[in-house]
Amino acid sequence: MFINIHTHSQIFDAHLELVNLFLERNDRVKYYSYGLHPWHIDGNYKDDLEHLREIAHEKGCLAIGECGLDKVSKVDFELQEKVFVEHVKIANRLKKPLIIHCVKAFNELINCLNHNNNQVPVIIHGFNNNDNIARVLNNEGYYFSFGKDLLGYESNAAKAIKTIGRKRFFLETDDKDLSIKYVYLKAGELLGVNDEIVQLQIEENFKSVFNFAPKMANQK
Ligand SMILES: [Zn+2]
């Protein structure tokens, strides 16, 4: 079974798609994550966080995010941290995983999570950073989600998927026009296994992070 852990719109080519929603509701979406992306924090952030607190309770809201820290974003970094900490608190209160967007701020990210005594699983989405960063995040026990960068020849993502260990990764399409099946194929190729093995592994990883079996989800 194909699981797409992070997509911005339904593509309907996976058995389970976790659709990233932001400030809009889409009742046709079965499973979603919800959060304030560090690019989209503005003067309304207090209202937006209120909105998040409501939506986060919903059964279909499986994860909090994408949220995180981005040094390239024009949004004031201190404000980003403040908003991110609220996400961490909400996720921990509800025991839902965090889906993280992080650009050039991994130290700050780890500090924020540790200072707030984070206990929920952390998924770094769209990972395409160097080995060193992969190792540090791996030591923290975080999960990685890989997308289009896996397709790049000798990309950081393609290296990282081989080093982080099979229990720690997911696959995604993000906002790209791409079939998740193709990403699975590529992951299998890099790991030297066929893509059915990748599917089984990600089902296992999904179960341990989200506490339910994706097959059951499908039958509901
Ligand atoms: Zn995204």
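Scoring rules and cut-offs
- Residues numbered from 1 in each chain as written.
- Predicted model: local features only at pLDDT ≥ 70, side-chain atom pairs only at ≥ 80, totals over all residues.
- Buried ≥ 20, exposed ≤ 12 C-beta atoms within 10 Å, placed from the backbone.
- Helix = DSSP H or I, 4+ residues; strand = E, 2+ residues; numbered from the N terminus.
- Pairing = 2+ DSSP bridges.
- pLDDT = per-residue confidence, 0-100.
- Contact = placed C-beta atoms within 7 Å.
- Core = buried A, V, L, I, M, F, W, Y, C linked by C-beta atoms within 7 Å.
- Expected span 1.5 Å × (residues − 1).
- Axes fitted to C-alpha atoms, helices over the stretch in contact; angles between N-to-C directions.

Caption draft 1: Spotlight on the pairing of strand E2 (residues 16-21). Within E2, 5 of the 6 residues are buried, leaving the element largely enclosed by the surrounding structure. Of the pairings in the sheet, the one linking E2 to strand E3 (residues 32-34) comprises 3 bridges and is parallel in character. Counterpart to Leu21 in the pairing with E3 is Tyr34.

Caption draft 2: The confidence of the model for the protein chain, seen in detail. Counting all residues, the mean pLDDT for the protein chain is 94, and 96% of those residues have values of 70 or more. Contacts from residues 216-220, a stretch scored under 50 in pLDDT, to residues over four places away or in other chains number 4 contacts.

Caption draft 3: Local environment of the nonpolar core. Formed by 59 residues in total, the largest nonpolar core has its most connected members in Leu98, Ile100, Ile123, Ile124, Phe146 and Leu171. With 6 residues, strand E4 (residues 61-70) is the single largest residue contributor to this core. Ignoring any residue separated from it by four or fewer positions in sequence, one finds Ile100 in contact with Gly65, Glu66, Cys67, Gly68, Leu109, Val122, Ile123, Ile124 and His125.

Caption draft 4: Summary view of the environment of Gly147. Secondary-structure assignment places Gly147 in the loop between strand E7 (143-146) and helix H5 (156-163). Expressed as a C-alpha distance, the spacing of Gly147 and Val136, which sit 11 residues apart in the sequence, is 20 Å. Setting aside chain neighbours within four positions, we find Gly147 in contact with Gly126, Glu172, Thr173, Asp174, Lys176 and Val183.

Caption draft 5: Representation of the environment of Leu185 in the model. Of note, Leu185 is situated in helix H6 (residues 180-191). With 16 C-beta atoms counted inside 10 Å, the residue Leu185 sits in the partly exposed group.

Caption draft 6: Here's a closer look at helix H2 (residues 77-94). For H2, with 18 residues, the first-to-last C-alpha span of 26 Å sits near the 26 Å given by 1.5 Å per residue. Turning to H2, its buried residues are Gln80, Val83, Phe84, Glu86, His87, Val88, Ile90 and Ala91. In this structure, the buried residues of H2 make contact with helix H1 (45-56), E4, strand E5 (98-103) and helix H3 (106-115). Lys95 sits one or two residues past H2 and shows a positive phi near 55 degrees.

Caption draft 7: Structural detail: unusual backbone geometry. Here the bond from Gly65 into Glu66 is cis, since omega is 5 degrees, no more than 30 degrees from zero. In the Ramachandran plot, Lys95 falls in the positive-phi region, its phi being about 55 degrees despite a non-glycine side chain. Along the polypeptide, Lys95 turns up in the loop between H2 and E5. Within the chain, Asp174 stands out as a residue other than glycine whose phi angle is a positive 55 degrees. Structurally, Asp174 can be placed in the loop between strand E8 (169-171) and H6. Assessed through the 20 C-beta atoms surrounding it within 10 Å, Asp174 is described here as buried.

Caption draft 8: Focus on the environment of Tyr31. Assignment of secondary structure puts Tyr31 in the loop between E2 and E3. Tyr31 gets classed as partly exposed once you count the C-beta atoms within 10 Å, which come to 17. Taking C-alpha positions, Tyr31 is 24 Å from Asp195, a pair spaced 164 residues apart along the chain. Excluding residues within four positions of it along the chain, Tyr31 makes contact with Leu16, Glu17, Leu18, Val19, Gly60 and Leu62.

Caption draft 9: Geometry of the sheet that holds E2. Ordered in space as E1-E2-E3-E4-E5-E6-E7-E8, the 8 strands form an open sheet in which the pairing is parallel. The open sheet is flanked by strand E1 (3-7) and E8, the only strands paired with a single partner. Between one strand and the next, the sheet's axes are offset by a mean angle of 25 degrees, whatever the strand orientation. Pairing of E7 with E8, which is carried by 3 bridges, proceeds in the parallel orientation. Within E8, the position partnered with Phe146 by the bridge is Leu171. Each of E1, E7 and E8 touches H6; the most contacted strand, E8, lies at about 140 degrees to it.

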